[in-house]
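Topology and contacts: notes
Below are the chains, spelled out letter by letter.
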Amino acid sequence: MTGPAIEARSVSKWFGDVVAVSDVSFEVQPGVTGLLGPNGAGKTTLLHVISGLARPSQGEAFMLGERVWNNPEVYRRVGFVSEHESAYGFYTGSQFVELSACLFGLPDPADAADRAIGYVAMEHAQSRKIDTYSRGMRQRIRLAAAIVHEPEVLLLDEPLNGTDPRQRVQFQELMRKMVEDEGRTVLISSHILEEVESVADRILLMVGGKLAAAGDFRAIRAKLDEQPYRVRIVASEPRRLAAALVRMDELDSISVDDDGALIALSRNVGVLQTAVPKSAAELGIRILRVEPLDESLESVFSYVVER
Amino acid sequence: MTHVFRLSLRQLLGRWRVTVILALSGLMIALTAIAAGQADLSEDAGVVVLIFDGLLIRALLPIVIMTLATAAFGNELEDRTLSYLTIKPVPRWRIALPKLLASLTVGGPVVILTGVIMTMIAFGLDAKPVAATAAALAVGVTAYAAIFTWAGLVTANALPFCLLYVFIWEALAGALLSGISYLSVRAYSLSVMHAIDDNSFSGVADGVIALPVAVGSAALVIAVFFALTVLRLRRMDTP
């Protein structure tokens, strides 16, 4: 293959008056690429257009050099795991994966299903009905069904939803194996930066339906790290605590909001985490609550876009 | 294609759906038996119309097929599993056909067997009315299944849509405008029934059309709605 594995050319998708994806163009080469963005950024819609599940309102998507829309033959080389967790619950795991193998027209569906189930380490539960699976198990069996035909390109929409930390590590190992040992192209969407960080080399950053940034993960991550984090601190004597904290070099600013809570801005959250309880203890002030205000990452994404 | 067919059968054979269908069939048979106990149906054309047109063809036939065929795609759209089929290298007609066949496989025997039992209660073991009922229902089952399978794919409100078609278009408009017979599955079924046994079913003569026209129209309806289903599968966004 000489061209990109995945290509979007000026793709737009709208639903009535709502523009979900606006004029997005990019190319994805073999390796793991993260499709990042806050909820509602248009990631799922874009993945649906790329996978051929949705028709682009404008522009075109290509996979392995072929147009995707209305071209079922391209699916012989592509796997897709959707965001929602539904599956045929009345089937056992192995029946579900074997159905997928049959629909892909594989010569030995049972053998292919066994291999795929082994790949995601679900042998122990393959005879159980999917209705009895946990969320993480569902994700893995759905992944097995998507890779049963050993696709060259794999599209994963929020694949780590509902998985526990151990399953995340397993999943990340699986992705590395697929890419490093087998040279596949994997595009993973997520709204959580850290989920993608350990597996993706490159990222596509979506905000408000537009492609805000694309390229090397570390370069974009460095931009993200420059943004100060906001932390809200509820204390028994906020003004005295603010007077103590304001002398810290790591603190960009500190203010008191309408509810009397402190809002601290810092580029070094680690130092802030240590300094707040220490200062409070020295002054005999009680800390009632500490909460980050940027957990959704929405502001982080916006920050990158604004720059 | 057999994989999609088997999958669709599993989806359609849900406990509540089968229970409702069998209960409705049992009710129709019971009502026929009650009517047969009170009058000689072979002599009473009015009651025959009430049972075979009113209960069997206007009610049981469309309701059973509606329940099944709208769910063939409707369930997959609702629980978002349709993408497991559409994101496979499978021509769309090979998804639509097994879905249609699954509805026919589940609904056809129930409706036709119920009709045959009702006919035997009404007319005894005479083969002619039994054949007339079975053939009429076979035409109706297939035509309704084609229409309602398409409806289940194009709208999330397939059941209201189908009820409107059956009870407003076929029943109400059909009673007021004679031309509706050419665009009514009910009229096709009654026409087949009457053409095969005009003696037993003399009472359903109103609104029937010539047998070749009825069968040809039913075939056209089946072909058109099957083609529309395939076309819809090709052009729609899969949720």
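Read on for an overview of the structure. For clarity, every value in this text was computed on a predicted model and none was experimentally measured.

**Details of the interface of chain A and chain B**
Contact residues are listed per partner, giving 27 residues for chain A and 25 residues for chain B. Interface area for chain A against chain B, summed over the two sides, is near 2400 Å², with a carbon-plus-sulfur share of 63%. Broken down residue by residue, the surface that chain A buries against chain B is led by L53(A), Y88(A) and L103(A), which jointly contribute 28%. Across the chain A-chain B interface, the total number found is 1 salt bridge. Residue D237(B) pairs with K13(A) through a salt bridge whose shortest N-O separation is 2.5 Å. Across the contact surface, chain A and chain B share 11 residue pairs in polar contact (both at pLDDT 80 or more). Listing elements by their share of the side of chain A that touches chain B, those giving two or more residues are β1 (6-15), α1 (43-51) and α2 (93-103) of chain A. With 5 residues, α2(A) is the single largest residue contributor to the side of chain A that touches chain B.

**A few points about the pattern of salt bridges**
Pairing between side chains becomes possible if they bear opposite charge and their charged atoms approach one another. Residues and elements named next belong to chain A. One pass over the structure, following the stated rule, counts 17 salt bridges over all chains. In this structure, the salt-bridge partner of R9 is E7, at a minimum N-O distance of 2.9 Å. One salt bridge in this structure joins R240 and E237, with 3.0 Å as the shortest N-O distance. Owing to a relative accessible area of 38%, R240 belongs among the partly exposed residues under this scheme. For E237, a relative accessible area of 32% gives the class partly exposed. Residues joined in a network through salt bridges with shared partners are E66, R77 and E152.

**What to know about helix α1 (residues 2-12) of chain B**
V4(B), L7(B), S8(B), L9(B), Q11(B) and L12(B) are the residues of α1(B) that are buried. Those residues of α1(B) that are buried lie in contact with α2 of chain A together with α2 (15-38), α3 (45-78), α4 (83-86) and α5 (93-123) of chain B.

**Brief notes about a negative patch on the surface**
A surface patch of like charges, here negative, comprises E98(A), D108(A), D114(A) and E123(A). You can see D108(A) is positioned in the loop between α2 and α3 (109-119).

**A look at the packing of aromatic side chains**
Applying the stated criterion across every chain yields a total of 13 aromatic pairs over all chains. Ring centres 6.1 Å apart and planes at 70° place the aromatic pair Y88(A) and F96(A) in the edge-to-face group. Overall, Y88(A) belongs to the buried group, its relative accessible area being 1%. Through successive ring pairs, a cluster of aromatic residues spans Y88(A), F90(A), Y91(A), F96(A) and Y84(B). Its guanidinium or amino end placed over the ring of F62(A), R9(A) lies 4.1 Å from that ring's centre, counting from NZ or CZ.

**A short note on unusual backbone geometry**
Residue and element names in this part refer to chain A. Residues other than glycine seldom take positive phi values, yet D23 does so here, at roughly 50°. With respect to the helices and strands, the residue D23 is situated in strand β2 (residues 18-28). With relative accessibility at 51%, the residue D23 sits in the exposed group. Of note, E158 is a non-glycine position whose phi angle comes to about 50°, a positive value. Assignment of secondary structure puts E158 in the loop between β7 (153-157) and α5 (165-181).

Scoring rules and cut-offs
Residues numbered from 1 in each chain as written. Chains lettered and ligands numbered in written order. Predicted model: local features only at pLDDT ≥ 70, side-chain atom pairs only at ≥ 80, totals over all residues. Heavy atoms only, no water. Contact = heavy atoms within 4.5 Å. Buried area = accessible area lost by both parts, 1.4 Å probe. Salt bridge = Lys/Arg side-chain N within 4 Å of Asp/Glu carboxyl O. Polar contact = N/O pair within 3.5 Å; in protein donor to acceptor, adjacent residues only side chain to side chain. Helix = DSSP H or I, 4+ residues; strand = E, 2+ residues; numbered from the N terminus. Buried < 20%, exposed > 50% of the residue type's maximum accessible area, 1.4 Å probe, protein only. Patch = residues over 30% accessible without salt bridge, like charges linked within 9 Å, V, L, I, M, F, W, Y side chains within 5 Å. Areas by Shrake-Rupley, 256 points an atom, 1.4 Å probe, with all protein chains shown as cover. Lys, Arg positive; Asp, Glu negative; His and termini not counted. Charge placed at Lys NZ, Arg CZ, Asp CG, Glu CD. Phe/Tyr/Trp six-rings, centres within 6.5 Å; stacked < 30°, edge-to-face > 60°. Lys NZ or Arg CZ within 6 Å of the ring centre and 35° of its normal.

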